[in-house]
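Topology and contacts: notes
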Amino acid sequence: QVQLVESGGGSVQAGGSLRLSCAASGITTSNYCMGWFRQAPGKEREGVAVIDRFGTTTYAQSVKGRFTISRDNAKNSLYLQMNSLKPEDTAMFYCAAAKYGGSEVSWFAGCRFGYWGQGTQVTVSS
């Protein structure tokens, strides 16, 4: 029922920008924590940014000041504006939503994420 579809990934040079979008269906974004995670080859999946149902945002230390998470409740969509991109940002980025139950879950910023999008690749080169 719940579906999260990311778009906006691509390849950019260091210092460039990308804007990721996540279209949600089967879930109302304003009622749950929504977030972005990323995973690079050989590394664990890590939380990047979260926005809770009150609009409070939380960012990983590595992206503070460079990334901005936002949502448009009317469009039931989530966004991640990424500026000043670095090669170390290269990863598969996943849109995520809170879920009760399930086994493929990750905790971040007090939220239990269990719904995942298919991922969108972000590649940053020098």
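In the block above lies the structure referred to throughout.
Residues numbered from 1 in each chain as written. Predicted model: local features only at pLDDT ≥ 70, side-chain atom pairs only at ≥ 80, totals over all residues. Heavy atoms only, no water.

Structural notes on the overall build of the protein chain
- If you tally the helices and strands in the protein chain, you get 0 helices and 12 strands.
- When the elements of the protein chain are put in sequence order from the N terminus, they spell out β-β-β-β-β-β-β-β-β-β-β-β.
- For the protein chain, whose C-alpha radius of gyration is 13 Å, the value lies close to the compact-globule estimate of 14 Å for 126 residues.
- Expressed along its principal axes, the backbone C-alpha trace of the protein chain runs to roughly 40 × 30 × 25 Å.
- Looking at the protein chain as a whole, 43% of its 126 residues qualify as buried.
- At a minimum sequence separation of 6, the contacts of the protein chain that also span at least 24 residues come to 57%.
- A distance of 4 Å separates the average location of the 12 positive side-chain charges in the protein chain from that of its 8 negative side-chain charges. (Helix = DSSP H or I, 4+ residues; strand = E, 2+ residues; numbered from the N terminus. Rg over C-alpha atoms; globule rule 2.2 N^0.38 Å. Buried < 20%, exposed > 50% of the residue type's maximum accessible area, 1.4 Å probe, protein only. Contact = heavy atoms within 4.5 Å. Lys, Arg positive; Asp, Glu negative; His and termini not counted. Charge placed at Lys NZ, Arg CZ, Asp CG, Glu CD.)

Some words on the nonpolar core
- With 28 residues, the main nonpolar core has Trp36, Leu80, Met82 and Phe93 as its most contacted residues.
- At the level of elements, strand S3 (18–25), strand S4 (34–39), strand S5 (46–51), strand S7 (67–72), strand S8 (77–82), strand S9 (91–98) and strand S12 (120–125) are the ones that each hand at least two residues to this core.
- Those residues in contact with Phe93 that lie beyond four places of it in its chain are Glu6, Leu20, Phe37, Arg38, Val48, Phe67, Leu80, Met82, Gly119, Thr120 and Val122.
- Core analysis: the next-biggest nonpolar cluster, separate from the first, contains 9 residues, Cys33, Phe37, Val50 and Trp116 among them. (Core = buried A, V, L, I, M, F, W, Y, C linked by side-chain atoms within 4.5 Å.)

Details of the pattern of salt bridges
- Taken as a whole, this structure holds 4 salt bridges when the rule is applied.
- In this structure, Arg38 engages Asp89 in a salt bridge whose closest nitrogen and oxygen atoms are separated by 2.9 Å. Of this pair, Arg38 sits in strand S4 while Asp89 sits in the loop between S8 and S9; the two residues are 51 residues apart in sequence, bridging distant segments of the chain.
- Accessibility expressed as a relative area gives 5% for Arg38, which makes it buried.
- Note on Asp89: relative accessible area 1%, which makes it buried.
- Between Arg66 and Asp89 there is a salt bridge, with its nearest N and O atoms 2.7 Å apart. Of this pair, Arg66 sits in the loop between strand S6 (57–59) and S7 while Asp89 sits in the loop between S8 and S9, and the two are 23 residues apart along the sequence. (Salt bridge = Lys/Arg side-chain N within 4 Å of Asp/Glu carboxyl O.)

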